[in-house]
Amino acid sequence: MKITFFGAGAWGTALASHAAAAHDVVLWGRDAAQLAGIGADRVNAAYLPGVTLSGRLAVEPGFERAAAHADVEGGLVIIATPVSGLREMTRRLAASQTAGLRMLWLCKGFEAGTNALPHQMVRDELDAAGRLADTSYGVLTGPSFAREVALGLPCALTVAGTSPALSELAQHAFHHHAMRIYGSDDLVGAEVGGAVKNVLAIATGASDGLGLGLNARAALVTRGLAEMTRLGLALGGRVETFMGLAGMGDLILTATGDLSRNRKVGQQLAGGMTLAQILAELGHVAEGVRCAQAVAALAAAKGVDMPITRAVCAVLFEGLPAADAVAQLLQRDARDE
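Residues numbered from 1 in each chain as written. Predicted model: local features only at pLDDT ≥ 70, side-chain atom pairs only at ≥ 80, totals over all residues. Heavy atoms only, no water.

### Remarks on unusual backbone geometry
Then step 1. If you check the backbone angles, arginine 42 has positive phi at about 60° while not being a glycine.
Then step 2. Overall, the relative accessible area of 17% leaves arginine 42 in the buried class.
Then step 3. For asparagine 115, which is not a glycine, the phi torsion comes out positive at approximately 60°.
Then step 4. Within the secondary structure layout, asparagine 115 lies in the loop between strand S5 (101-105) and helix H5 (118-128). (Buried < 20%, exposed > 50% of the residue type's maximum accessible area, 1.4 Å probe, protein only. Helix = DSSP H or I, 4+ residues; strand = E, 2+ residues; numbered from the N terminus.)

### Examining the packing of aromatic side chains
Then step 1. Using the criterion set out here, one finds five aromatic pairs in the structure.
Then step 2. With 6.2 Å between their ring centres and 75° between their planes, phenylalanine 5 and phenylalanine 174 make a pair best called edge-to-face. Residue phenylalanine 5 is found in strand S1 (residues 2-6), and its partner phenylalanine 174 is found in helix H7 (residues 164-174); the two are separated by 169 residues along the sequence. An identical accessibility class is assigned to phenylalanine 5 and phenylalanine 174; each is buried.
Then step 3. A centroid spacing of 5.8 Å and a plane angle of 50° characterise the contact between phenylalanine 6 and tryptophan 28, whose relative ring orientation is tilted. Here tryptophan 28 lies in strand S2 (residues 24-28) and phenylalanine 6 lies in strand S1, a separation of 22 residues in the sequence.
Then step 4. By relative accessible area, tryptophan 28 is classed as buried at 5%.
Then step 5. Members of the aromatic cluster, connected to one another through ring pairs, are Phe6, Trp28 and Phe63. (Phe/Tyr/Trp six-rings, centres within 6.5 Å; stacked < 30°, edge-to-face > 60°.)

### Considering the sheet that holds S1
Then step 1. The strand order S3-S2-S1-S4-S5-S6-S7-S8 describes an open sheet built from eight strands, whose pairing is mixed. Sheet topology places strand S3 (58-59) and strand S8 (179-184) at the edges, where each strand pairs with a single neighbour.
Then step 2. For strand S7 (residues 155-161) and S8, the ladder comprises six bridges, and the chain directions are parallel. Considered in S8, the bridge of alanine 160 is made with serine 184. (Pairing = 2+ DSSP bridges.)

### A look at the environment of arginine 261
Then step 1. Relative to the elements of secondary structure, arginine 261 occurs in helix H12 (residues 261-270).
Then step 2. Residues arginine 261 and glycine 205, 56 residues apart in the sequence, show an inter-C-alpha distance of 9.7 Å.

### Looking at the packing of helix H9 (residues 214-235) against helix H15 (residues 307-317)
Then step 1. Contact geometry for H9 and H15: axes closest at 8 Å, N-to-C directions at 105°. When the axis of H9 is compared with that of H15, the two are roughly perpendicular. Within the contact between the two elements, H9 uses Leu220, Arg223, Gly224, Glu227 and Arg230 and H15 uses Pro307, Ile308 and Thr309.
Then step 2. Grouping the amino acids of the contact of H9 with H15 by side-chain chemistry returns three nonpolar, two polar and three charged. (Axes fitted to C-alpha atoms, helices over the stretch in contact; angles between N-to-C directions. Parallel < 35°, antiparallel > 145°, perpendicular 65-115°, else oblique. Contact = heavy atoms within 4.5 Å. Nonpolar A, V, L, I, M, F, W, Y, C, P; charged D, E, K, R; others polar.)

### A few points about the side chain of lysine 197
Then step 1. Within the secondary structure, lysine 197 sits in helix H8 (residues 187-209).
Then step 2. Leaving out residues up to four positions away in the same chain, lysine 197 has contacts with Lys108, Met228, Asp250, Leu251 and Thr254.

### Observations concerning the pattern of salt bridges
Then step 1. Applying the stated criterion across every chain yields a total of 19 salt bridges.
Then step 2. Residues arginine 87 and aspartate 124 are paired through a salt bridge, measuring 3.7 Å at the closest nitrogen-oxygen approach. Here aspartate 124 lies in helix H5 and arginine 87 lies in helix H4 (residues 86-96), a separation of 37 residues in the sequence.
Then step 3. Linking glutamate 125 and arginine 91 is a salt bridge whose minimum nitrogen-to-oxygen distance equals 2.9 Å. Pair noted here: glutamate 125 is in helix H5 and arginine 91 is in helix H4, with a separation of 34 residues, a long-range link.
Then step 4. Overall, arginine 91 belongs to the partly exposed group, its relative accessible area being 45%.
Then step 5. Via salt bridges that share partners, Arg87, Arg91, Glu111, Asp124 and Glu125 belong to a single interconnected network. (Salt bridge = Lys/Arg side-chain N within 4 Å of Asp/Glu carboxyl O.)

### With respect to the UniProt feature "binding site: sn-glycerol 3-phosphate" (unreviewed entry) in the protein
Then step 1. This chain's UniProt record puts "binding site: sn-glycerol 3-phosphate" (unreviewed entry) on Lys108, Gly142, Ser144, Lys197, Asp250, Ser260, Arg261 and Asn262.
Then step 2. In this fold, lysine 108 is placed in the loop between S5 and H5.
Then step 3. Assessed through its relative accessible area of 16%, lysine 108 is described here as buried.
Then step 4. In contact with lysine 108, not counting residues within four places along its chain, are Val83, Thr141, Gly142, Ser144, Gly194, Ala195, Lys197, Asp250 and Glu287.
Then step 5. The topology assignment puts serine 144 in the loop between strand S6 (135-141) and helix H6 (146-150).
Then step 6. For serine 144, a relative accessible area of 17% translates into the label buried.
Then step 7. Beyond its immediate chain neighbours, meaning those up to four positions away, serine 144 contacts Trp11, Lys108, Cys155, Leu157, Asp250 and Leu253. (UniProt positions renumbered as here; feature names shortened; annotations may be inferred.)

Shown next as structure tokens:
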């Protein structure tokens, strides 16, 4: 099977290396020097230092050649850019590939300015290019740290797409060695879970940074899952999706795992660092920071109560100390679960 990955960050590289163990895989990235280093050393030094990648993974700096690699019957393209790059990449692929497009993306979040989910962005671009009818598309999501996948450790993910055939193709591509892939047709639920969990991970990181204990962490994860589910249902998702890998599974990992950038943001906010200081230290924006305001805006528009999300926004953007945000949550009136 021929697969091309567009985006050579941590997650794209890790998943490409996994897929290359069983398939003919090409990795494309914007930085030709970075790709040359991956090809020569079998290491993505910028994003996965110290991890040896599959010797079968090929790199290709030419976009058209990379696209042509998967432009065959049964081929698959994987967009591994951030949400901010999804529209442009969809547009380029729609223009360059001639066969029916089969595409998945790995990004999680909402589009800045429009608050659109990834599949809404993709659908708009395909429609504008006249490619909507001949394209199968979807998201590959779930609890996954790139470094662990690159090391070959066990992982289970959900593919949510527009057709059963695409889900089967994704399972053929990735359901091997230590990875398991479960199919779904709930694109909305899968994407809402992947976006909102990053915001909630900031909250749990702040709680842990304040030393509030495991009871508090469990309460935040559980009540956060309730918030995620309420918003997801209001946007058209299904409750079972939020009880699965794309919802609860991804939330548990991101809220408790020490490799989580969003959890780290919360911990450092609790320690007194400013958001600007935290982001400067990280070197890039944690997706929960990008998503928090979009989640709050969508919740307000849909009349969905999301107090944890509001508290995170107040800490991130209004200067409210993390300890004060927790105190406000504790002062909320009693209610039924």
